[in-house]
Amino acid sequence: MEKSRSSAFNEIGRLGQYRFGSGGMGSGIFYEEFLKELHGRRGVEVYKEMSENDDIIGAVLFAIEMLMRQVEWTVKEAGNTAADKAAAEFIYSCMHDMEDAWTDFISEVLSFIVFGWSLHEIVYKRRMGATGNINTRSNHDDGLIGWRKLPIRSQDTLWEWQYDDRDTLLGMVQMAPPHFQMTTIPMEKALHFKTRSRKANPEGRSLLRNAYQDWYFKRRVREYEGIGVERDLAGLPFIQPPEGTALYDYETMTPTPALLEAERIVQSVRRDEREGLVLPHGWTFELVNSGGNRQFNTNDIIQRYDNRIAMTLLADFILLGHEKVGSFALSNDKTQLFGVAMGTYLEMICQVFNKQAIPRLIRMNGDAFRGITAYPELINGEIESHNLKEFGDFIKSMVLSGVLTPDEDLEDHVRMVANLPERDPSTTYGATREPAVSLTRLGNVSTKPPSVATESEEAPEGE
């Protein structure tokens, strides 16, 4: 009986990950992708080309980044004690006391949309004010430990992942320029973002994965189209040697210099400011015109691939109007779906911060925040602005019907949705008590960090 009870706490099965490497049983590179060209660093290079060299994908990624960079981020305390409020204010101050701006950090994190994952090393510092040491330089001189920076560890520097014998991820091994030395970043010192979880694969799955096939054929068709346009405009090069000219040496089974030179001429001919040929006596050269229209309309083919690429990214609304079709209602529905999807990725970022970054930072400061109810949480704002007319009509109808009663909580929420100034505590409801929910606002609302609560502000015993 005791043996069966103890076995209930033991892990028996395995995840079944396809990973192999030279670092022993617990290390390796993943081989979950069935297309070889999307494995490892080759896959990183493909996704990089897709994101940086395709107009549709580039437009979608630009829209995603611009929408997410303007989102308002808030930090919410876990309770109403002075320690809870001080912890939330401390996290806020750390986010805006790093070497890089918070929006730049978010921009780096968003690379996980392209590559499927993003890993950032946590670098701490002791906050000792305006010192000359980068490990202690800070806007605050409270002596607490904060974040100095959260730099990305680029996806193309990944060498392999480290695991224990029970499939627990231990760290990332990278080989990065300029020294190309193997360096291991333990997971307890990292923030690990990924788009999805499948067999706990740390590399997630790129948002561009389903668009790869359409992108590949679109690129090939555009290359053929460019070559075809050039040949149709310039003409097909045709060169003819004099009768009796030997083009192939059948004794040595090699082409003659005359043939090699003729091939070089027809392959390199261009209609530009340097055009012109000098040929030996007896050689003839001409440009043969195209015989007529082609069977396929490359515009329709490329447009089809563009539609499918945008569709896989839930961003086909960017094509509305270009094809002279599509209604405002259809555009509204598509942008809402796109906004919901992007909002989910913002929540993923918050979850990683709330599980990996904030608890570690609070624990590193020891007794500084003793007595907190729980760890404060990072919360993302709406990615799309509300329709204030519809929102106002809804609030009005709810209040007139008696479903909602105007109070300070409702006013605070309306002000937050409409991006209005915070309520003055000395007026209206604020004269009776403080807001029920206190949020430390970040981003565009305030740039002055709140002060950390002092000992005199701690909650009385028994509260």
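These numbers come from a predicted model, not from an experiment.

Novice: Give a description of the environment of A310 that names residues and reports values.
Specialist: Note on placement: A310 falls in helix α9 (residues 298-312). Its relative accessible area of 0% is what places A310 among the buried residues. Beyond its immediate chain neighbours, meaning those up to four positions away, A310 contacts I56, A315, D316 and L319.

Novice: Which residues make up the pairing of strand β6 (residues 145-149), and what are the values?
Specialist: β6 sits mainly inside the fold: four of its five residues count as buried. Pairing analysis gives four bridges linking strand β5 (residues 123-126) to β6, with the strands arranged antiparallel. Residue pairing for β6: R126 is matched across the bridge by I145.

Novice: Which residues make up the nonpolar core, and what values do they have?
Specialist: Judged by nonpolar contacts, the single largest core of 66 residues is most densely connected at W147 and F353. Considering every element that reaches this core, the biggest residue donor is helix α10 (residues 328-364), with 13 residues. What F353 contacts, discounting residues up to four positions off in sequence, is W102, F105, W147, L150, L191, F193, I358, P359 and L378. F30, L158, M172 and I185 belong to the second largest nonpolar core, which has 10 residues in total.

Novice: Could you give me a rundown of unusual backbone geometry, with the residues and numbers involved?
Specialist: Following P177, the chain continues to P178 via a peptide bond in cis, the omega torsion being 10°. By the secondary structure assignment, P178 is in the loop between β8 (169-176) and β9 (181-186). If you check the backbone angles, L314 has positive phi at about 55° while not being a glycine. As for its position among the elements, L314 is in the loop between α9 and α10.

Novice: Account for a nonpolar patch on the surface, with residues named and values stated.
Specialist: Where nonpolar side chains cluster on the molecular surface, the patch consists of Y18, F20, I29 and Y31 and spans about 420 Å² of accessible area. Within the element layout of this structure, I29 appears in strand β2 (residues 27-30).

Novice: Please set out the sheet that holds β9 residue by residue, giving values where relevant.
Specialist: Reading across the sheet, the five strands line up as β1-β2-β7-β8-β9 and stay open at both edges, with antiparallel pairing between neighbours. Unpaired on one side and paired on the other, β1 (19-20) and β9 mark the two borders of the sheet. As defined by bridge partners, β2 adjoins strand β7 (residues 158-163) across two bridges and the pair is classed as antiparallel. Counted as the bridge partner of G28 is W161 from β7.

Novice: Could you give an account of the side chain of D214, naming the residues involved and the relevant values?
Specialist: Secondary-structure assignment places D214 in helix α7 (residues 212-234). With sequence-adjacent residues up to four places away left out, D214 is seen in contact with Y305, R308 and I309.

Novice: Pulling in residues and values, what's your account of the packing of helix α11 (residues 388-400) against helix α12 (residues 408-417)?
Specialist: Contact geometry of α11 with α12 gives a least axis separation of 11 Å together with a crossing angle of 165°. Taken together, the axes of α11 and α12 are roughly antiparallel relative to one another. Between α11 and α12 lies a crossing whose hand is left-handed. Residue-level contacts link L388, F391, I395 and V399 of α11 to L410, H413, V414 and V417 of α12.

Basis of the calculations
- Residues numbered from 1 in each chain as written.
- Predicted model: local features only at pLDDT ≥ 70, side-chain atom pairs only at ≥ 80, totals over all residues.
- Heavy atoms only, no water.
- Helix = DSSP H or I, 4+ residues; strand = E, 2+ residues; numbered from the N terminus.
- Buried < 20%, exposed > 50% of the residue type's maximum accessible area, 1.4 Å probe, protein only.
- Contact = heavy atoms within 4.5 Å.
- Pairing = 2+ DSSP bridges.
- Core = buried A, V, L, I, M, F, W, Y, C linked by side-chain atoms within 4.5 Å.
- Patch = residues over 30% accessible without salt bridge, like charges linked within 9 Å, V, L, I, M, F, W, Y side chains within 5 Å.
- Areas by Shrake-Rupley, 256 points an atom, 1.4 Å probe, with all protein chains shown as cover.
- Salt bridge = Lys/Arg side-chain N within 4 Å of Asp/Glu carboxyl O.
- Axes fitted to C-alpha atoms, helices over the stretch in contact; angles between N-to-C directions.
- Parallel < 35°, antiparallel > 145°, perpendicular 65-115°, else oblique.
- Left-handed = near helix turned anticlockwise from the far one by under 90°.

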